[in-house]
Amino acid sequence: MKESPIRPSVAIILCIVFGGAFAFIVTAILSDMIGGFDRSVIDAIQGLEAPWLTSIMLAFTFIGSTKVVMFLTTAVTVLLIWKFGTRSLAYFFFFTMIGTIILFQALKLVYKRPRPEFHRLAEVGGYSFPSGHAMMAFSLYVLFTYLFWRHIQSTAGRIALVAFAIFMFVMISASRIYLGVHYPSDILGGAIASAFWLTLMAFLFVLSEKRKKRGLVQD
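What comes next concerns the included structure. (Residues numbered from 1 in each chain as written. Predicted model: local features only at pLDDT ≥ 70, side-chain atom pairs only at ≥ 80, totals over all residues. Heavy atoms only, no water.)

Brief notes about the packing of helix α2 (residues 35-46) against helix α7 (residues 155-178)
Packing of α2 against α7 leaves a shortest axis separation of 9 Å and a crossing angle of 95 degrees. One way to sum up the angle between α2 and α7 is to call them roughly perpendicular. Where α2 approaches α7, its residues Val41, Ile42, Ile45 and Gln46 are matched on the opposing element by Ala174, Ile177 and Tyr178. Residue classes in the contact of α2 with α7 are distributed as 6 nonpolar, 1 polar and no charged. (Axes fitted to C-alpha atoms, helices over the stretch in contact; angles between N-to-C directions. Helix = DSSP H or I, 4+ residues; strand = E, 2+ residues; numbered from the N terminus. Parallel < 35°, antiparallel > 145°, perpendicular 65-115°, else oblique. Contact = heavy atoms within 4.5 Å. Nonpolar A, V, L, I, M, F, W, Y, C, P; charged D, E, K, R; others polar.)

See below:
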């Protein structure tokens, strides 16, 4: 029996919290309340610039790209269906990730925040808020942690899993600031938006599983 990713009552509360937090970030950006925070973090991260570090950051930004994320999403979905036979969990994973990609693209078009004009080490197009890399990384590695948690029995293994997920999110997100293509508030807003989306999808997944169980009982 699969464990539910979240209780419906908890999901509703978290959606309200994350929705409010995202609204606060948007307000802070529009009113320029967060400009000082953005600049100080950018100065601190870009102050570490070195050729070897630039190569590492470019690698992490590639790992967090849409192409790589789509490849990993497809591979894990196929693995869940054909190796573990968990179709409902595979669909939950796949549509949550696809939804994350659609959501960040839609939000960029809504807010149309220009990218930073500070020191650039990479050139990219499109808008800045929220960070698509941060949103995809947050969703992907939170889901990875959820999917693999139950298959790891040792405490050390689970700690390593969580540490790996945090490390990947932090490095992918930091690479975008280091390369000069995102504000820190883009990262923060992206993480919160993904947290809201993950919670909403988990809530819908639980409801769907409950309906299936009721249908099996009635049959």
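A few points about the side chain of Arg113
One can find Arg113 in the loop between α5 (87-111) and α6 (132-149). Residue Arg113 is classed as buried on the basis of its relative accessible area, which comes to 14%. Polar side-chain contacts of Arg113 include one of 3.3 Å to the side chain of Asp38. There is a polar contact of 2.8 Å between the side chain of Arg113 and the side chain of Asp186. Not counting the four nearest positions on each side in its chain, Arg113 is found in contact with Ile29, Asp38, Tyr127, Ser128, Phe129, Tyr183, Ser185 and Asp186. (Buried < 20%, exposed > 50% of the residue type's maximum accessible area, 1.4 Å probe, protein only. Polar contact = N/O pair within 3.5 Å; in protein donor to acceptor, adjacent residues only side chain to side chain.)

Digging into the environment of Thr145
On the secondary structure map, Thr145 appears in helix α6. The buried category is assigned to Thr145, whose relative accessible area is 14%. Distance from Thr145 to Ala163, taken between C-alpha atoms, is 9.8 Å for residues 18 residues apart in sequence. In contact with Thr145, other than residues within four places in its own chain, are Leu161, Val162 and Ala165. Within the structure, Thr145 has its side chain in polar contact with the backbone oxygen of Tyr141 (distance 2.8 Å).

Points about the pattern of salt bridges
What the rule picks out here adds up to 4 salt bridges. Between Asp38 and Arg113 there is a salt bridge; the shortest N-O distance is 3.3 Å. Placement of Asp38 in helix α2 and of Arg113 in the loop between α5 and α6 is noted, with a sequence separation of 75 residues between them. For Asp38, a relative accessible area of 3% puts it in the buried group. Notably, a salt bridge pairs Arg39 with Asp43, separated by 3.0 Å at the nearest N-O pair. Linking Arg39 with Asp43, this pair stays in helix α2, spanning 4 residues, or about one helical turn. (Salt bridge = Lys/Arg side-chain N within 4 Å of Asp/Glu carboxyl O.)

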